Amino acid sequence: MAERAVRAVRGAVQLDRDEAEHMSERVGQLLTTVLERNSLAPEDLISIWFTATPDLHSDFPAAAARKLGIVDVPLICAQELEVAGAMPRVVRILAHTETELPRSGISHVYLGAAAALRKDIAQ
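An account of the accompanying structure is given in this report. (Residues numbered from 1 in each chain as written. Predicted model: local features only at pLDDT ≥ 70, side-chain atom pairs only at ≥ 80, totals over all residues. Heavy atoms only, no water.)

### Things to note about the sheet that holds strand β2 (residues 45-52)
Moving on, step 1. Sheet architecture is open: 5 strands sit in the order β3-β2-β4-β1-β5, paired in mixed fashion. The two strands at the open ends of the sheet, each matched to only one other strand, are β3 (75-79) and β5 (109-111). Strand after strand, the sheet turns through a mean of 15° between neighbouring axes, direction not considered.
Moving on, step 2. Taken together, the 10 bridges between strand β1 (residues 5-14) and strand β4 (residues 90-99) define a ladder with antiparallel strand orientation. Of the residues in β4, the one forming a bridge with A12 is R92.
Moving on, step 3. Of the strands in this sheet, β1, β2, β4 and β5 touch helix α1 (residues 20-37), which is tilted by about 145° from β5. (Pairing = 2+ DSSP bridges. Helix = DSSP H or I, 4+ residues; strand = E, 2+ residues; numbered from the N terminus. Axes fitted to C-alpha atoms, helices over the stretch in contact; angles between N-to-C directions. Contact = heavy atoms within 4.5 Å.)

### Observations concerning the side chain of D44
Moving on, step 1. Relative to the elements of secondary structure, D44 occurs in the loop between α1 and β2.
Moving on, step 2. For D44, the contacting residues outside a window of four places in its chain are R4, S39, H96, T97 and E98.

### Some details on the environment of H57
Moving on, step 1. Its location among the elements puts H57 in the loop between β2 and α2 (62-67).
Moving on, step 2. For the pair formed by H57 and E19, sequence separation is 38 residues and the distance between their alpha carbons is 8.2 Å.
Moving on, step 3. Within the structure, H57 has its side chain in polar contact with the backbone oxygen of P54 (distance 3.1 Å). (Polar contact = N/O pair within 3.5 Å; in protein donor to acceptor, adjacent residues only side chain to side chain.)

### Notes on the pattern of salt bridges
Moving on, step 1. Under the criterion given, the structure shown has 3 salt bridges.
Moving on, step 2. Close ionic contact of D44 with R4 constitutes a salt bridge, the shortest N to O distance being 3.0 Å. Taken together, the residues D44 in the loop between α1 and β2 and R4 in the segment before β1 connect sequence positions 40 residues apart.
Moving on, step 3. Linking E19 and R17 is a salt bridge whose minimum nitrogen-to-oxygen distance equals 3.0 Å.
Moving on, step 4. For E19, a relative accessible area of 41% translates into the label partly exposed. (Salt bridge = Lys/Arg side-chain N within 4 Å of Asp/Glu carboxyl O. Buried < 20%, exposed > 50% of the residue type's maximum accessible area, 1.4 Å probe, protein only.)

### A closer look at α1
Moving on, step 1. Between its first and last C-alpha atoms α1 spans 26 Å; for 18 residues at 1.5 Å apiece the expected length is 26 Å, and the two agree.
Moving on, step 2. Of the residues making up α1, those classed as buried are H22, M23, S24, R26, V27, G28, L30, L31, T33, V34 and L35.
Moving on, step 3. Of the surrounding secondary structure, the elements contacted by the buried residues of α1 are β1, β2, α2, β4 and β5.
Moving on, step 4. Taken from the residues just after α1, S39 is the one with a positive phi, measuring 50°. (Expected span 1.5 Å × (residues − 1).)

### Points about the environment of Q79
Moving on, step 1. Positionally, Q79 belongs in strand β3.
Moving on, step 2. The exposed category is assigned to Q79, whose relative accessible area is 58%.
Moving on, step 3. A sequence separation of 13 residues divides Q79 from R92, and the C-alpha atoms of the two residues are 9.9 Å apart.
Moving on, step 4. Excluding its chain neighbours within four sequence positions, the residues that come into contact with Q79 are A52 and P54.

### Points about the nonpolar core
Moving on, step 1. Formed by 26 residues in total, the largest nonpolar core has its most connected members in F50 and V91.
Moving on, step 2. Breaking this core down by element, the ones donating at least two residues are β1, α1, β2, α2, β4 and β5.
Moving on, step 3. Ranked by residue count, the leading element in this core is α1, at 6 residues.
Moving on, step 4. With near-sequence residues (within four places) excluded, F50 lies in contact with V27, L31, P61, A62, A65, L75, I76, C77, A78, V91, R92 and I93. (Core = buried A, V, L, I, M, F, W, Y, C linked by side-chain atoms within 4.5 Å.)

Here is the structure:
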């Protein structure tokens, strides 16, 4: 068995509108895709940081993780800096995980229009 290491996985998704159910759906899709693309299970997660742009108020992005059954992982939400010209309605994640993947093998996930945020690492 390969050695497990702590790795960080980035991701983001842009919402179409600021509604709780829509946020839950899109953030859930982001988390599911991060897990799938990196061959991770919820028990591999150490913690997840969620950030949301200042124009999102309908819910905590972390609530989507709880709905997916990620219940014993520390989660925290924060607000992104308000920067002129920044993409609106974006939820970002930084997930810390234990995995056998090398750093170069991590798949960072930027869904939809959010792919424009990090063309250098979006896959």
